[in-house]
Amino acid sequence: MNVLLIQSEGVDLYDTLLKSETSRGVLRFYQPDRLEYGIRIRTASLGSALALVSELRWYIQRYVEEVLFEPGEGIFCSSGLARQIYERDVMPASPWRYRCLYRIVGDHMIDTIWMDEGTAPETYADRTEPEDTLLEVWCAEEEYPAG
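Residues numbered from 1 in each chain as written. Predicted model: local features only at pLDDT ≥ 70, side-chain atom pairs only at ≥ 80, totals over all residues. Heavy atoms only, no water.

J.: What should I look at first to understand helix 3 (residues 46-55) in this one?
T.: Each α-helix winds once per 3.6 residues, and so residues spaced three or four apart point in a common direction. Buried within helix 3 we find Leu46, Ala49, Leu50, Leu52 and Val53. Seen end-on, helix 3 carries its buried residues on one side only, within an arc spanning 160°. Considering only its buried residues, helix 3 is in contact with strand 1 (2-7), helix 2 (21-26), strand 3 (38-42), helix 4 (57-63), strand 4 (64-72) and helix 5 (79-86). (Buried < 20%, exposed > 50% of the residue type's maximum accessible area, 1.4 Å probe, protein only. Helix = DSSP H or I, 4+ residues; strand = E, 2+ residues; numbered from the N terminus. Arc of directions from axis to C-beta. Contact = heavy atoms within 4.5 Å.)

J.: It is not clear to me how unusual backbone geometry should be interpreted in this structure. Could you clarify?
T.: In this structure, the amide linkage connecting serine 94 to the following residue, proline 95, adopts the cis form with an omega of 0°. Inspection of the secondary structure puts proline 95 in the loop between helix 5 and strand 6 (99-105). Positioned with a positive phi, arginine 88 is a non-glycine residue whose angle comes to about 60°. Assignment of secondary structure puts arginine 88 in the loop between helix 5 and strand 6.

J.: Can you help me understand the nonpolar core in this one?
T.: Nonpolar side chains tend to gather and get buried jointly when the protein is soluble and globular. Counting 41 residues, the largest nonpolar core has Leu5, Ile6, Leu56, Phe69 and Leu135 as its most contacted members. Considering each element in turn, this core owes the most residues, five residues, to helix 3. When neighbours within four sequence positions are excluded, isoleucine 6 is seen to be in contact with Tyr37, Val64, Glu65, Glu66, Leu68, Tyr102, Ile104, Met109 and Leu135. (Core = buried A, V, L, I, M, F, W, Y, C linked by side-chain atoms within 4.5 Å.)

J.: Explain the pattern of salt bridges to me, please; I cannot follow it from the model alone.
T.: Pairs may arise between side chains of opposite charge once their charged atoms sit close together. Overall, the coordinates contain seven salt bridges when judged by the stated rule. Of the charged contacts in the structure, one is a salt bridge between arginine 34 and aspartate 12, with a shortest N-O distance of 3.1 Å. Of this pair, arginine 34 sits in strand 2 (residues 33-35) while aspartate 12 is found in the loop between strand 1 and helix 1 (13-19), placing the two residues 22 residues apart along the sequence. For the salt bridge of arginine 34 with aspartate 15, the shortest nitrogen-to-oxygen distance reads 2.9 Å. Linking arginine 34 in strand 2 with aspartate 15 in helix 1, this pair joins segments that are 19 residues apart in sequence. Residue class for aspartate 15 comes out partly exposed when judged on its relative accessible area of 30%. If you follow the salt bridges from partner to partner, you end up with Asp12, Asp15 and Arg34 in one network. (Salt bridge = Lys/Arg side-chain N within 4 Å of Asp/Glu carboxyl O.)

J.: Is there a simple way to think about the sheet that holds strand 1 in this case?
T.: Note: strands within a sheet are paired through backbone hydrogen bonds, in either parallel or antiparallel orientation. The mixed open sheet is built from eight strands, whose spatial order is 2-3-1-4-5-8-6-7. The sheet terminates laterally at strand 2 and strand 7 (108-115), the two strands that pair on one side only. Averaged over neighbouring strand pairs, the angle between their axes works out to 30° when direction is ignored. Contacts between helix 3 and the sheet are confined to strand 1, strand 3 and strand 4, with strand 4 contributing the most and set at about 170° to the helix. Sitting on the sheet, helix 5 is in contact with strand 4, strand 5 (75-78) and strand 8 (133-138), with an inclination near 90° to strand 5. (Pairing = 2+ DSSP bridges. Axes fitted to C-alpha atoms, helices over the stretch in contact; angles between N-to-C directions.)

J.: Would you explain the packing of aromatic side chains in this entry?
T.: Any aromatic ring pair is given by two values, namely how distant the centres are and how the planes are angled relative to each other. The full count for this structure, using the stated rule, is six aromatic pairs. Taken together, a centroid distance of 5.0 Å and an interplanar angle of 80° make the contact between tryptophan 58 and tyrosine 59 edge-to-face. On the basis of relative accessibility, which here comes to 44%, the residue tryptophan 58 falls in the partly exposed class. Note on tyrosine 98 and tyrosine 144: the rings are 5.5 Å apart at their centroids and 65° apart in plane angle, and the pair reads as edge-to-face. Of this pair, tyrosine 98 sits in the loop between helix 5 and strand 6 while tyrosine 144 sits in the segment after strand 8, and the two are 46 residues apart along the sequence. Under the relative-accessibility criterion, tyrosine 98 is labelled buried at 14%. Aromatic rings pair up to connect Trp96, Tyr98, Trp114, Trp138 and Tyr144 into one cluster. (Phe/Tyr/Trp six-rings, centres within 6.5 Å; stacked < 30°, edge-to-face > 60°.)

Next comes the structure, spelled out in structure tokens:
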């Protein structure tokens, strides 16, 4: 299970977290990976990932644009969906209806593209550039905009 923290514009999240004694203490058992647009932290389980995010809440509120959970390679879910999975309120399966694309350019996220049911990321190529980083994110039904 990975936690992906997408930094806010103008923030170097990796340096920010390592400069703080408090966040260094929280992360002491993890080895965060620096990404151009934030950090990835490997955890043992969804429960430990949610606990870590809770411990980093102060930093997340100030320096993070978005928190994602990656239960499997290339499968990302929102915080709301991750909490529902943890509480066993929902068991998502492919194809998941409530999805979006996070469009990341350089070191920060610039757009959220809500996906229609049954479409693939390639469907939205006219709204992205080839050099963009695109993350397909599964969301909770409540997070998905109504019609």
